[in-house]
Amino acid sequence: MWSYDCDDPLASALPPASFSSSSELSGSHGPGFARLNRRDGAGGWSPLVSNKYQWLQIDLGERMEVTSVATQGGYGSSNWVTSYLLMFSDSGRNWKQYRQEDSVWGFSGNANADSVVYSRLQPSVKARFLRFLPLEWNPKGRIGMRIEVFGCAYRSEVVDLDGKSSLHYRFNQKSLSPMKDTISLKFKTMQSAGVLLHRAGPGGDSITLELRGGRLFLLINAGEAKLPSTHSPTNLTLGSLLDDQHWHSVLIQRRGKQVNFTVDEHKSRFHAQGDLSYLDLDYEGNVSFICSQPQSVPVTFLSSRSFLTLPASSREEGVSASFQFRTWNAAGLLLFSELQVVSGSLLLLLSDGKLKLNLHQPGKLPSDIIAGAGLNDGQWHSVSVSAKRNHLSVVVDGLVTPASPSLGPEQIYSAGTYYFGGCPDKSFGSRCRSPLAGFQGCMRLISINDREVDLIAVQQGSLGNFSDLQIDSCGISDRCLPNYCEHGGKCSQSWGAFHCDCTDTGYTGATCHSSIYEQSCEAYKHRGNTSGFYYIDADGSGPLRPFLLYCNMTETTWSIVQHNGSDLTRVRSAHPEQPHAGVFRYPASAEQLQATIRQAEHCQQELAYYCKKSRLVDQQDGSPLSWWIGRTNETQTYWGGSVPELQKCTCGLEGTCIDAHYHCNCDADRNEWTNDTGFLSYKEHLPVTKIVITDTGRPHSEAAYKLGPLLCRGDTSFWNSASFNTEASYLHFPTFQGEISADVSFFFKTTALSGVFLENLGITDFIRIELRSPTTVTFSFDVGNGPFEISVQSPTRFNDNQWHHVRVGRNMKEASLEVDQLLPKTQPAPADGHALLQLNSQLFVGGTATRQRGFLGCIRSLQLNGMTLDLEERAKVTPGVQPGCPGHCGSYGKLCRHGGKCREKPSGFFCDCSASAYTGPFCSNEISAYFGTGSSVIYNFQENYSLSKNSSSHAASFHGDMKLSREMIEVSFRTTRSPSLLLYMSSFYKEYLSIIIARNGSLQIRYKLNKYQEPDIVNFDLKNMADGQLHHIKLNREEDMLFVEIDESTRRGVHLSSGTEFSAVKSLVLGRILEHSGVDQDTALAAAQGFTGCLSAVRFGHVAPLKAALHPSHPAPVTITGHVTESSCVAQAGTDATSRERTHSFTDHSGTLDDREPLTNAIKSDSAVIGGLIAVVIFILLCITAVAIRIYQQKRLYKRNETKRSENVDSAQAVLKSELNIQNTVNENQKEYFF
């Protein structure tokens, strides 16, 4: 890289007259004695009074490039400055405050009188005048400074343009590079609009650099002949507040179509449309080559306590004032003036970005004028206020807003004092009052009664009074440049801060950094969510946007990504010169899909390829005749079920091809339908984006293909964990790069009292997250403003060996700490302080660089700015750390509901629902059935009393010689029929239990625990239970005590008199009982009627009869009679099915995501006539056996899709026709589940 020496001392050789100051303590403390390391005079400069309005100035004689500064205190004294501001100017007026790269305003000064502190200026300053403004100094002394500045000469040609003149230049075409173009310039102006540069070529090509509203616009037009009609000229905006009469640099670099646009330190890069190589310019015109210096003295109101008081002629008739202002604040006091005689007041306020003029006179209604709008846009706005006799008006940016004459004053006189920007406190004895806070912003060109105010005289103390002002400088800055609002967040600002609106971005936080969505379906599942559509943000807080996919929450969680080409597509007449190309589009970008696939444990995509005299490979030269293209845009010639290296099909691997001489069925080139179908599962090549077919151009040659959705299961990051066994053990990773925004999230579990989770150090900066105590998690950090700490305390202990989730964030506005669901804690970033987190050491996980205070326990799913650290891989080679961490059920076991048992897996857990009446990943999906008239489900506990002892089934726990002293029963139902029998349990000893709905709709429970006694009857007649609503019943018997709960609201305890034991349970019946002898009359009546309606979640102890009947996992002693079908008791007939909980197979989600026209209609082909004849034949056959054939074909299709392997079908041609015929029906079923 090219460099040059620019570190010469610039101040040491200057005469004393080049130094000036706001004041001096004595003749020997003058500014001429402020040279570095000099001892003459009193040994440095000291002002008369030490306050924040003092300054020391140096005139370098001409514009110089200043690269660094150095400071000392007064020689041999207690006078030194501990912090200061640096300002610069070309003319000695209109000063600009220097701001370092990380937005820090102030410089660190000295800690004693004689040591030298150097500060490098990055970027450097090009100026003639420098001014040092002390902010803080030794409290036991006063301000004292000696200074030096370093740099080198800076010379450049300048041109002065007045808005009407221009400079033209014709380029030599031979000197222009067709591939490379560079335009650089510097400019300064007080005007907010104007064209800086326009470069036009003969073909309509042009580049325009234009200033609008203090911002630079770069417009590039490649010419009408070269620009497609769909493209508009490139328009790029950079910079802000560029009308401040200070130099700003512009650099435009073009290399080919790549354009770099730089304004000051802000950069943007983009690709230009068209060709910009040949441009033509002319040279003409006369301009001035000396840069004029307009003398405008701005003043900055630094805080809401700032004010400026200016005198006016006492008893002057009327009030008149004008000025210009700029601000970001929407509200503040601009002007207050007292009125004599009538003791009134005139207030000019900025309210909600509008001007509000209020004239208050005792005994009269206040007179208000509203003018302007959006005046807090950071631009200069002119204001003129006039109140004389019966005329009251406000002029804003040249627009007059008068008041009606009846509201105007008859005659008013000024009290002689004008208050700008705010009111002094009460100690000044002023009558200035304002309903709003003071103004923060800049003012200039202040005039009172048509006489301009000399603000330099105010600065010198000879005119008016002020507080907390910065005179001869406008200190406004654009805090939205650069825009620290991430992911499309909208930036707005006030004088001291910026704010981010994250609405509709999918992100949250002070800078829209953190995603509101999970990174995988696995993460959604372990929040307790069920199957459905979810937004996935695969890289968390990274740059990739979230996208919508379907999560199938089974024991294994599948992510399902659709594409536009799920229909079966037939191909004919394709040959190498005119191939068929099917392109598949997904609802996510390649980068989003790549992140999702990389994070998954396994991905697959089924590609079904049917062929008739259509080969995959040319056997003569081995060249592919059909192939597919994946995410990497590379041609792939292996097919479903195979691997990339072998370039075979499934049958070639299994040795089942129809011709053993070939590796694929289709390569046999037979004049009959066959197929090569299977799952592609090499993650680096998925998903399939294109398929190309070239061998269907011969007679009778045809092919067809169908691509399934992308299926991915698991999440490699969610369960990625490590166990730390000693306090000295840790894992180390590369330095964490989180200069502007950083977020860290992880899970931990421990039994230790304390320990450091994570630490990364810099020279002075650092971050550390630790368990400070059993109930406290602490985030410590330093970004250059001193160390800060944030702690979250819990009412319960964190060291309970349960998983706890920690999320830490730090950005330009704040730092935050969140643990589990406890109240988050935040720490605002200091205003105008250091903002960049600069780290350089390794990242330590589970310990520290000193090997002390290490963490004992487990850390899981550690993510930094959305990227997962592979703890397991690093732990494999690290002593004292083990990969993985057992014991997930302790934290996640509560997700297993309705009696489901949590079981550990090497990575994660699953819910064992075998003893539950429910199913699903968390045993939360009810198993319900609709019972038609006369139907029943019978669960036989013992087929024969004498064989019960040898039974190995679930019923084995109910032995014939066993006496049940307790049981627990649950059942939910919905019906409109009465009487009805809900549940009947019998024994070999003619004991029974019946739950019935009586004729009057009341619920009755009848227990007969002794065949020689009458049954106990428990009657609930609170309401009609046959009302068509869903009801829940829970019975719990402990010997002779029965506890009943209905609909989780009605509870009753009953003492049973018929006995305490249930002997030799025989069977449990749901619905109608054919043989009901030996029961009471009401039970017999209900048994004869049976049950018509919906039963759900039926459980008797560990036995779930409906589950055994509808979802048998092994042979069960269940008998079904009549019409019993699986249904949902939650939704009645006619209710929107989408309100039900749904978990579907993969084939349920292979339809299209939108209504775009499919690439190839599976029914249409080149042979339309032949297809028509076939369609007629098929139609006749369908008319003969309509429903049966259709159901049979559909089952064949679904069965084929679920085999997950390619098979050679004896009648493949019939299968293909079957699939073609039912294509529309399948699509309709699939589209039910898509938005």
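Analysis parameters
- Residues numbered from 1 in each chain as written.
- Predicted model: local features only at pLDDT ≥ 70, side-chain atom pairs only at ≥ 80, totals over all residues.
- Heavy atoms only, no water.
- Helix = DSSP H or I, 4+ residues; strand = E, 2+ residues; numbered from the N terminus.
- Buried < 20%, exposed > 50% of the residue type's maximum accessible area, 1.4 Å probe, protein only.
- Contact = heavy atoms within 4.5 Å.
- Pairing = 2+ DSSP bridges.
- Salt bridge = Lys/Arg side-chain N within 4 Å of Asp/Glu carboxyl O.
- Core = buried A, V, L, I, M, F, W, Y, C linked by side-chain atoms within 4.5 Å.
- Disulfide = S-S within 2.5 Å.
- pLDDT = per-residue confidence, 0-100.
- Axes fitted to C-alpha atoms, helices over the stretch in contact; angles between N-to-C directions.
- Patch = residues over 30% accessible without salt bridge, like charges linked within 9 Å, V, L, I, M, F, W, Y side chains within 5 Å.
- Areas by Shrake-Rupley, 256 points an atom, 1.4 Å probe, with all protein chains shown as cover.
- Polar contact = N/O pair within 3.5 Å; in protein donor to acceptor, adjacent residues only side chain to side chain.
- Phe/Tyr/Trp six-rings, centres within 6.5 Å; stacked < 30°, edge-to-face > 60°.
- Arc of directions from axis to C-beta.

Novice: I keep staring at the overall build of the protein and nothing clicks. Help me out?
Specialist: When its secondary structure is counted, the protein shows 12 helices and 81 strands. Classification of the 1235 residues of the protein by burial places 52% in the buried group. In the protein, the share of contacts with a sequence separation of at least 24, taken over all contacts with a separation of at least 6, comes to 68%.

Novice: Please clarify how the pairing of strand β44 (residues 674-680) should be interpreted in this entry.
Specialist: Side chains on a regular strand alternate between the two faces of the sheet. Where burial is concerned, most of β44 is hidden: 7 out of the 7 residues are buried. Of the pairings in the sheet, the one linking strand β41 (residues 602-612) to β44 comprises 7 bridges and is antiparallel in character. In the sheet register, Tyr 609 faces β44, and the bridge partner there is Asp 676.

Novice: Help me out: how do you make sense of the pattern of salt bridges in this one?
Specialist: Proximity of charged atoms lets side chains of opposite charge pair with each other. On inspection of all chains with the given rule, the structure shows 36 salt bridges. The residue Glu 873 makes a salt bridge to Lys 876 at a minimum N-O spacing of 3.5 Å. Residue Asp 1047 is joined to Lys 1023 by a salt bridge in which the shortest nitrogen-to-oxygen separation is 3.5 Å. Here the residue Asp 1047 occupies a position in the loop between β75 (1041-1046) and β76 (1050-1055), and Lys 1023 occupies one in the loop between β73 (1016-1020) and β74 (1031-1038), the gap between them amounting to 24 residues. For Lys 1023, a relative accessible area of 44% gives the class partly exposed. Here the salt bridges do not stand alone but share partners, grouping Arg 615, Asp 669, Asp 695 and Arg 698 into one network.

Novice: What's the story with the nonpolar core in this structure? I'm lost.
Specialist: For soluble globular proteins, the rule of thumb is that nonpolar side chains tend to be buried together. In terms of nonpolar packing, the biggest core is built from 45 residues, with Ile 1005, Leu 1035 and Leu 1095 touching the most fellow members. In this structure, Leu 1035 is in contact with Glu 967, Met 968, Ile 969, Leu 993, Ile 995, Ile 1005, Tyr 1007, Leu 1042, Phe 1043 and Val 1044, ignoring residues within four places of it in sequence. Within the second largest apolar cluster, 40 residues are counted, among which are Ala 321, Leu 335, Leu 357 and Val 394.

Novice: Please clarify how the state of the cysteines should be interpreted in this entry.
Specialist: Put plainly, a disulfide is one covalent bond tying together the sulfur atoms of two cysteines. Applying the stated criterion to the full structure yields 16 disulfides. Here Cys 485 pairs with Cys 500 through a disulfide, and the sulfurs are 2.0 Å apart. Sign of the S-S torsion, about -85° for the bond between Cys 485 and Cys 500, identifies this disulfide as left-handed. Taken together, the positions of Cys 485 in the loop between β31 (469-471) and β32 (490-493) and Cys 500 in strand β33 (residues 498-501) put the pair 15 residues apart, joining distant regions of the chain. One exposure class covers both Cys 485 and Cys 500, and it is buried.

Novice: Before we go on, may I ask you to explain the confidence of the model for the protein in this structure?
Specialist: Low-pLDDT stretches of the model should not have their predicted coordinates read in fine detail. Of the residues in the protein, 83% have a pLDDT of 70 or more, and the chain-wide mean is 82. Scored below 50 in pLDDT, residues 225-230 makes 8 contacts in the model with residues more than four places away or belonging to other chains. Taken together, the stretch residues 276-286 has pLDDT below 50 and engages in 44 contacts with residues farther than four places along the chain or on a different chain.

Novice: Please clarify how the sheet that holds strand β16 (residues 266-271) should be interpreted in this entry.
Specialist: Sheets are built from strands that pair by backbone hydrogen bonding, the pairs being arranged parallel or antiparallel. Spatially, β9-β14-β15-β16 is the arrangement adopted by the 4 strands of the open sheet, whose pairing is antiparallel. In the strand order of this sheet, the two ends are held by β9 (180-187) and β16, each with one partner. Averaged over neighbouring strand pairs, the angle between their axes works out to 10° when direction is ignored. For strand β15 (residues 258-263) and β16, the ladder comprises 6 bridges, and the chain directions are antiparallel. Residue pairing for β16: Val 259 is matched across the bridge by Phe 270.

Novice: What exactly am I supposed to notice about a nonpolar patch on the surface here?
Specialist: A cluster of nonpolar side chains, Val 159, Leu 161 and Leu 167, forms an exposed patch at the surface whose accessible area comes to about 240 Å². By secondary structure assignment, the location of Leu 167 is in the loop between β8 (146-153) and β9. Residue Leu 167 is classed as partly exposed on the basis of its relative accessible area, which comes to 47%.

Novice: What is the right way to look at the pairing of β41 in this model?
Specialist: In terms of residue burial, β41 counts as a mostly covered element, since 11 of its 11 residues are buried. Of the two faces of β41, both are covered, the one formed by His 602, Gln 604, Glu 606, Ala 608, Tyr 610 and Lys 612 as well as the one formed by Cys 603, Gln 605, Leu 607, Tyr 609 and Cys 611. Here β41 pairs with strand β47 (residues 710-713) via 3 bridges, running antiparallel. Paired with Cys 603 across the strands is Cys 712, a residue of β47. When β41 meets strand β46 (residues 702-707), the two strands line up antiparallel, connected through 6 bridges. Residue Tyr 610 lies in a different strand from β46, and its bridge partner there is Ala 704.

Novice: How should I be thinking about the side chain of His 381 in this particular structure?
Specialist: Summarising the element assignment, His 381 is placed in strand β24 (residues 381-388). A polar contact is formed between the side chain of His 381 and the side chain of Asp 397, at a distance of 2.7 Å. Discounting residues that sit within four places of it in the chain, His 381 has contacts with Phe 323, Gln 324, Phe 325, Gly 374, Leu 375 and Asp 397.

Novice: I'm lost on the packing of aromatic side chains in this one. Help?
Specialist: Aromatic rings in a pair are described by how distant their centres are and how their planes are angled relative to each other. For the coordinates displayed, the defined rule picks out 36 aromatic pairs. Pairing Tyr 84 with Phe 107 gives two aromatic rings, centres 5.5 Å apart and planes at 10°, and the pair type is stacked. One end of the pair, Tyr 84, is in strand β4 (residues 81-89); the other, Phe 107, is in strand β6 (residues 107-108), with 23 residues separating them in the sequence. Seen from their ring centres, Phe 746 and Phe 757 are 5.1 Å apart, and the 55° between their planes marks the pair as tilted.

Novice: Sorry, what's going on with helix α3 (residues 590-599) here?
Specialist: Along an α-helix, a turn takes 3.6 residues, which lines up residues three or four apart on a common side. For α3, every residue scored as buried is listed here: Gln 592, Leu 593, Ala 595, Thr 596, Ile 597 and Gln 599. Looking at the buried positions of α3, the neighbouring elements they touch are β37 (547-553), β38 (557-561), β41 and β47.

Novice: Can you walk me through the side chain of His 804 in this structure?
Specialist: Of note, His 804 is situated in strand β55 (residues 804-810). Residue classification places His 804 among the buried residues on the basis of a relative accessible area of 8%. One polar contact links His 804 to Asp 820, side chain to side chain, over a distance of 2.7 Å. Non-local contacts of His 804, meaning those with residues more than four positions away in its chain, are made with Phe 746, Phe 747, Phe 748, Arg 797, Phe 798 and Asp 820.

Novice: What should I look at first to understand the sheet that holds strand β72 (residues 1003-1008) in this one?
Specialist: The sheet built from 7 strands is open, its strands ordered β73-β72-β71-β70-β78-β67-β80 with antiparallel pairing. The sheet is open, and its two borders are formed by β73 and β80 (1118-1121), each paired with just one other strand. Taking the axes of each pair of neighbouring strands and ignoring which way they run, one obtains an average angle of 10° across the sheet. The pairing of strand β71 (residues 992-997) with β72 spans 6 bridges and is classified as antiparallel. Its bridge partner lying in β72, Ile 996 is registered against Gln 1004. Packing against the sheet, helix α7 (residues 1081-1089) makes contact with β70 (980-987), β71 and β72, and its axis sits at approximately 65° to β71.

Novice: Looking at this structure, how should I read α7?
Specialist: Residues Thr 1083, Ala 1084, Ala 1086 and Ala 1087 constitute the buried set of α7. Burial along α7 is one-sided: seen end-on, the buried residues are contained in an arc of 165°. Looking at the buried side of α7, the elements it contacts are β70, β71 and β72. Here α7 starts with a cap whose side-chain oxygen sits 3.3 Å from the backbone nitrogen of Asp 1082, and that cap is Asp 1080.

Novice: Sorry if this is basic, but what is going on with the environment of Asp 659 here?
Specialist: Mapped onto the secondary structure, Asp 659 falls in the loop between α4 (650-654) and β44. Each C-alpha atom of the pair Asp 659 and Arg 670 lies 9.8 Å from the other, and the pair is 11 residues apart in sequence. Apart from residues no more than four positions distant in its own chain, Asp 659 is found in contact with Ala 668 and Arg 670.

Novice: I'm lost on unusual backbone geometry in this one. Help?
Specialist: Glycine aside, the phi torsion of most residues is negative, and most peptide linkages are trans. The omega torsion across Leu 481 and Pro 482 is 0°, close enough to zero to call that bond cis. Inspection of the secondary structure puts Pro 482 in the loop between β31 and β32. With a phi angle near 50°, Asn 865 is a residue other than glycine that sits in the positive phi range. For Asn 865, the location among the structural elements is in the loop between β59 (857-864) and β60 (867-868).

Novice: Just to check I follow, could you spell out the environment of Arg 38 for this structure?
Specialist: Inspection of the secondary structure puts Arg 38 in the loop between β2 (19-21) and β3 (56-72). Accessibility expressed as a relative area gives 36% for Arg 38, which makes it partly exposed. Separated by 36 residues in sequence, Arg 38 and Gly 74 place their C-alpha atoms 9.4 Å apart. Beyond its immediate chain neighbours, meaning those up to four positions away, Arg 38 contacts Gly 43 and Arg 146. Side chain to side chain, Arg 38 and Asp 40 meet in a polar contact 3.3 Å long.

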